[in-house]
Structure formats: C-alpha cells, structure tokens
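Chain by chain, the residues:
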Amino acid sequence: MKVSKKVAGVEYAIRDIVLAARQVEKQGKKITYLNIGDPVQYGFQPPENVKEAMIKSIKSGFNYYASSEGLPELREAIAKKESSKGLSVGPDDILVTNGVSEALDMVMSSIIEEGDEVLLPGPYYPPYASYVRLHGGIPVEFAVDLKNSTPDIADIRKKITKKTVAICLISPNNPTGAVFSEKSLKNIVDIANEHDLYVICDEIYDQIVFDEKFTGIGKVSSDSPIILLNGFSKVHLMSGWRIGYIGFNQSEKLRPLRENLPKLARVRISTNLPVQYAALESLRGPQGYVNEFVSELKKRRDFVVKRLNSIPGLSCTSPKGAFYAFPKIENNRYSSDQEFVMELLKTTGVLTVHGSGFGTQYGSGHFRLVFLPDMNTLDFALNEIEKFSTAN
C-alpha cells in the first residue's frame, strides 16, 4: 500500500535510537539511557503545588473541552511572563498547544509551500527539519560557532534565497547548549527584516542558563514579525503532560498568520484542560525550585564537560544552557558518528544520540548525551565511554 513520501522522510534520532537499545537490552545488557532530554525521567518532579492543581482541576470537574486558543487565565499569565522578557504580547497573542511539537507543526504548516526553504541553526533539534519536510519544505542549516555561542551571520546571509521564508532560532540550543547574545539576536532580526522573513524562536530552555544572563528574542524584536515557541516541559518539569504555546508579537506583518493559524487549533479542538490549570499554577506559584534545578544541572554540566575533555579522542565545548553535551569524536577508528554511537551501545550499554541525527552538515562527527542523571550514573557512563574510546 502507498505511503506518503513526506512521512517516509520524517526522522527523530533521539527516539529512533531507542529501537536499537531495545534489541541490545533483549540480549541481556543493561542500558544506561543518556539519550532523552526529559528531566522527569531522571528524578526531577514538578512541585507539589503544581501536582495538586492538576488533581484539583480533575476533581472539580474541569474535564471538558477547553477553548481552542487556551484557558484565558493561562494565556494572560503566559503573556505576562513573555512581556517580562521583552516580547510585545497580550493574552490574545498567545495560543496554547499540546507541547512545542504541536506548535511547531502548526507554524510550519501555516507558512510553508512546496519547495520553500527554512534556515535552521546547525546542529538543530530534529523535529524542525522533519516538520519542514513534512509540509513540503527544505531545511537549510546555517553555521554556529559552538565555542562562542554565536551564529555565523555571513553564512546566514549566504544561504538566503528567493525561496527562504523563515529563520529558526533555538536558544538555549538543543543539542549544543549554545545561548545567543543580544547582539547575535539583533543581527538575525535585522537580516530577517531585510529579506521579509519570519523569525521563529524556540525558548523552551529560557531559564536553564549557567554562565550569562539569558536574552529573549522579544528584547530586540521591536515590530519585526516574531513567532515565539515555548512550553512547560523543561523549566517547569511537566514533560509528560504535553503543554506549550505560540506567541505572536504585535507586528502588523503577522496579521494574516494570526488570522489563519488558529484555524488549526480549532480543528484539533483543544489542549488538555486540567494540564492548563497545572501550568497556570506553575507560573503563579513559588519559583524557587527552578534555581535549585539549574544549580544542580550546572554541577553536572561541569563534571561531564571536564570528564569528556579528559578522554583521549573526544573534545567538548561547555554548553551555556539546557542540559546537553555535544562532544566531538576525534578518534578516527569509526567511519561515522552513527557507528560510534551504535558500537558504544553494543559494547557498554550506554545510549547516546549520533550527532548527524541533528543535521548532517554540522552535527556529523559528534554525539549528544544528557547530563540529567545523578552523579553516580554519569560517573559510571563516562567511565564506560572512556574505556570504549581508548580501547585498542
């Protein structure tokens, strides 16, 4: 039977690699999972007040379809948060979604025609390229200096064509942990304005930064057409509850999109209502847990980066945000980063993700691991990686 060429081209390396891990597990080897960026699977939990808000909403009978655009109180709280970061938004500029993935799908399906091109930071989070392809577009990677967390502005200019419709930013970045500065963001917005392009900015890790203050795209956007993506999976530790949002700044150029994209929200009916009450409590309630979470992650980041750089055949820049390390494989014993990751899995049971899964142009020759596990697990995994990398 026929299968669409579009869906056949969809890839998601982070979860696709789990299929291989299951086969190794069946052979009796214990797997150490360092592949997925889910804090909750590694012991972090949303605060009790957030859990209670979810339970209370269910017991109070809030189990019906919500407004397609989202719970009004939640949209207001989200707008307040994003306004504090500099984005010009009100409640009517927010659309609540089932995670950032649905938000991304809605945006791409609304702006891409067959053959259109979308610029992505190389390396990039895989669903960006997958959704671009799914809707008939072509993902185009631009270079990023990982050591200095700066986009290559000249490369961006070089890769813009008549078919380009948008520039995507992910800051802090998955998989590299790069965090773009105010100057870098302003340069990209200026380029987008010159060529009449959308700027799509994913700030899902906005509060998980380690070395410098985070700058949101809103601070430099002015009246440029900005589409913000954010959610509650990472900072707010609500990954399994699947809630995110789209924010449109008040640029006049976004009017056609603002009128048409919500049609997709109505078609899919609504986002889970009890979860929206939990998200509202997460924004309104005590925020001290966030600093504790980030402080613990910083310790783990420093430990992992130091260890990786001590292993012959590997090198790793220090991620400035999020919770991923993206070491470079300098050992030439392996024909590809995918072979390295697969052999590491089969030999040690340590599951990471091949860098080429985040874009072949700039991801190849690397692998990604999360530093969310506890220190003992990280120490064990790094010992295994070291033994594997230095074996004859």
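A quick note: this is a predicted structure, and the numbers were derived from the prediction, not measured.

## A word on the environment of Pro-225
The topology assignment puts Pro-225 in the loop between α9 (218-221) and β9 (226-231). Sequence spacing of Pro-225 and Leu-197 is 28 residues, and the spatial spacing of their C-alpha atoms is 7.8 Å. The residues touching Pro-225, leaving out its near neighbours within four places in the chain, are Asn-193, Leu-197, Tyr-198, Val-199, Asn-249, Ser-251, Lys-253 and Leu-254.

## Brief notes about helix α5 (residues 99-111)
Here α5 is 13 residues long and its end C-alpha atoms lie 19 Å apart, about the 18 Å a rise of 1.5 Å per residue gives. What α5 keeps buried is the set Gly-99, Val-100, Glu-102, Ala-103, Leu-104, Met-106, Val-107, Met-108 and Ile-111.

## Structural notes on the nonpolar core
Counting 128 residues, the largest nonpolar core has Leu-74, Met-108, Ile-167, Leu-169, Ile-217, Leu-229 and Ile-246 as its most contacted members. In terms of residue count, the dominant contributor to this core is helix α13 (residues 288-310) (eight residues). Both of domain 1 (5-45 + 288-391) and domain 2 (64-284) provide at least three residues apiece to this core. Ignoring anything within four residues of it in the chain, the contact list for Leu-169 reads Phe-142, Phe-180, Leu-185, Ile-188, Val-199, Ile-200, Cys-201, Asp-202 and Ile-217.

## Quick look at the pattern of salt bridges
Counted by the stated rule, this structure contains 22 salt bridges. Here Lys-85 makes a salt bridge to Glu-203, at a shortest N to O gap of 2.7 Å. Residue Lys-85 is found in the loop between α4 (72-84) and β2 (94-97), and its partner Glu-203 is found in the loop between β8 (198-202) and α9; the two are separated by 118 residues along the sequence. One exposure class covers both Lys-85 and Glu-203, and it is buried. Between Arg-301 and Asp-302 there is a salt bridge, with the nearest N and O atoms lying 2.8 Å from each other. A network of salt bridges, in which partner residues are shared, links Lys-81, Glu-82, Lys-85, Glu-203 and Asp-206.

## Looking at the UniProt feature "domain: Aminotransferase class I/classII large" (unreviewed entry) in the protein chain
The UniProt entry lists residues 31-378 under the feature "domain: Aminotransferase class I/classII large" (unreviewed entry), expressed in the numbering used here. Strand forms 16% of residues 31-378 and helix 40%; the C-alpha atoms that close the span are 13 Å apart.

## A short note on the packing of aromatic side chains
Within this structure, the stated rule accounts for 13 aromatic pairs. Ring centres 5.8 Å apart and planes at 85° place the aromatic pair Tyr-205 and Tyr-324 in the edge-to-face group. Pair noted here: Tyr-205 is in the loop between β8 and α9 and Tyr-324 is in strand β12 (residues 324-325), with a separation of 119 residues, a long-range link. Grouped by ring-pair contacts, the aromatic residues Tyr-334, Phe-340, Phe-367 and Phe-388 constitute a single cluster.

## Description of a nonpolar patch on the surface
A contiguous nonpolar surface patch, about 240 Å² in accessible area, is contributed by Val-3, Val-7 and Val-10. Within the secondary structure, Val-3 sits in the segment before α1 (5-8).

## A few points about α13
Spacing of three or four residues puts side chains on the same side of an α-helix, whose turn is 3.6 residues. With 23 residues, α13 should reach 33 Å at 1.5 Å per residue; the first-to-last C-alpha distance of 34 Å fits that figure. Residues of α13 that are buried make contact with α12 (273-284), β11 (314-315), β12, β16 (367-370) and α16 (375-390).

## Considerations on unusual backbone geometry
With an omega of -5°, the peptide bond between Ser-171 and Pro-172 qualifies as cis. In this structure, Pro-175 follows Asn-174 across a cis peptide bond, with omega equal to 25°. Mapped onto the elements of the fold, Pro-175 is located in the loop between β7 (164-170) and α8 (182-195). We note that Asp-196 has phi near 60°; this positive angle belongs to a residue other than glycine. Following the sequence through the fold, Asp-196 ends up in the loop between α8 and β8. By relative accessible area, which is 55% here, Asp-196 ends up exposed. You will see that Ile-269, though not glycine, has its phi angle at about 80°, which is positive. Relative to the assigned elements, Ile-269 resides in the loop between α11 (262-267) and α12. Classification of Ile-269 by relative accessible area gives partly exposed; the value is 35%.

## A closer look at the domain arrangement of the protein chain
Taken domain by domain, the protein chain comprises domain 1 (5-45 + 288-391) and domain 2 (64-284). At the interface, 38 residues of domain 1 touch 40 residues of domain 2. Roughly 3200 Å² of surface becomes buried between domain 1 and domain 2 when both sides are summed, with 60% attributable to carbon and sulfur atoms. At the boundary of domain 1 with domain 2, the tally comes to one salt bridge. Notably, a salt bridge pairs Arg-301 with Asp-211, separated by 2.8 Å at the nearest N-O pair. Here domain 1 is connected to domain 2 by 15 residue pairs in polar contact (both at pLDDT 80 or more). The element best represented in the side of domain 1 that touches domain 2 is α13, accounting for seven residues. Partitioned by chemical class, the residues of the side of domain 1 that touches domain 2 number 21 nonpolar, ten polar and seven charged.

## Some points on the sheet that holds strand β4 (residues 138-142)
With respect to topology, seven strands assemble into an open sheet ordered β2-β10-β9-β8-β7-β3-β4, the strand pairing being mixed. Since the sheet does not close on itself, it has two edges, and those belong to β2 and β4, each with one partner. Strand-to-strand twist across the sheet, computed as the mean angle between neighbouring axes with direction ignored, equals 20°. As paired elements, β7 and β8 share five bridges and run parallel to each other.

## Description of the packing of helix α2 (residues 13-26) against helix α14 (residues 337-348)
Running from amino to carboxyl end, α2 crosses α14 at an angle of 30°, the nearest separation of the two axes being 10 Å. When the interaxial angle is binned, α2 and α14 end up roughly parallel. When you trace α2 past α14, the crossing you get is right-handed. Where α2 approaches α14, its residues Ile-17, Ala-20, Ala-21 and Val-24 are matched on the opposing element by Val-341, Met-342, Leu-345 and Lys-346. In terms of residue class, the contact of α2 with α14 is built from seven nonpolar, no polar and one charged.

Rules behind the numbers
Per chain, residues are indexed from 1 in the order of the written sequence. Per-residue local features of the predicted model are confined to residues with pLDDT of at least 70, and side-chain atom pairs are confined, for both listing and counting, to 80 or more; whole-chain, interface and lining totals are unaffected and use all residues. Hydrogens and water molecules were not included; the side-chain quantities draw on all heavy atoms of the structure. Helix and strand assignments follow DSSP, with helices taken as H or I runs no shorter than four residues and strands as E runs no shorter than two, numbered in order from the N terminus. When checking whether two residues touch, look at their non-hydrogen atoms; a contact exists if any pair is within 4.5 Å. What a helix should span is 1.5 Å times the count of its residues minus one. Each residue is placed in one exposure class: buried if its accessible area under a 1.4 Å probe, protein chains only, is under 20% of its type's maximum, exposed if it is over 50%, and partly exposed if it falls in between. The definition of a nonpolar core used throughout is a set of buried Ala, Val, Leu, Ile, Met, Phe, Trp, Tyr and Cys residues joined through side-chain atoms within 4.5 Å. Domains are outlined according to an automatic or database domain assignment. What makes a salt bridge here is a side-chain nitrogen of Lys or Arg within 4 Å of a carboxyl oxygen of Asp or Glu, nothing more. UniProt positions are given in the numbering used here, feature names are shortened, and annotations may be inferred rather than shown by experiment. Each Phe, Tyr or Trp ring (for Trp, its six-membered ring) is paired with any other whose centre lies within 6.5 Å, and the angle between the two planes then decides the class: stacked below 30 degrees, edge-to-face above 60, tilted in between. Residues enter a patch when their relative accessible area is above 30% and they make no salt bridge; the linking distance is 9 Å between like charges and 5 Å between nonpolar side chains (Val, Leu, Ile, Met, Phe, Trp, Tyr). Only the protein chains shown count as cover for residues, with accessible areas throughout obtained via the Shrake-Rupley method and a probe of 1.4 Å. As used here, buried area is the combined drop in accessible area, with a 1.4 Å probe, of two parts when they are placed together. N or O atoms closer than or at 3.5 Å make up a polar contact, with two conditions inside protein: a donor-capable atom paired with an acceptor-capable one, and, for residues adjacent in sequence, both atoms drawn from side chains. By the convention adopted, Pro, Cys, Tyr, Trp, Phe, Met, Ile, Leu, Val and Ala count as nonpolar, Lys, Arg, Asp and Glu as charged, and the other residues, Gly among them, as polar. Two strands pair if DSSP finds at least two bridges between them. Throughout, an axis means a line fitted to C-alpha atoms (over the contacting stretch in the case of helices), and angles, computed between N-to-C directions, take values from 0 to 180 degrees. Here is the rule for angles: anything less than 35 degrees is roughly parallel, anything more than 145 is roughly antiparallel, 65 through 115 is roughly perpendicular, and the remaining ranges are oblique. In this scheme the handedness of a crossing depends on how the near helix is turned from the far one: anticlockwise by less than a right angle means left-handed, clockwise means right-handed.

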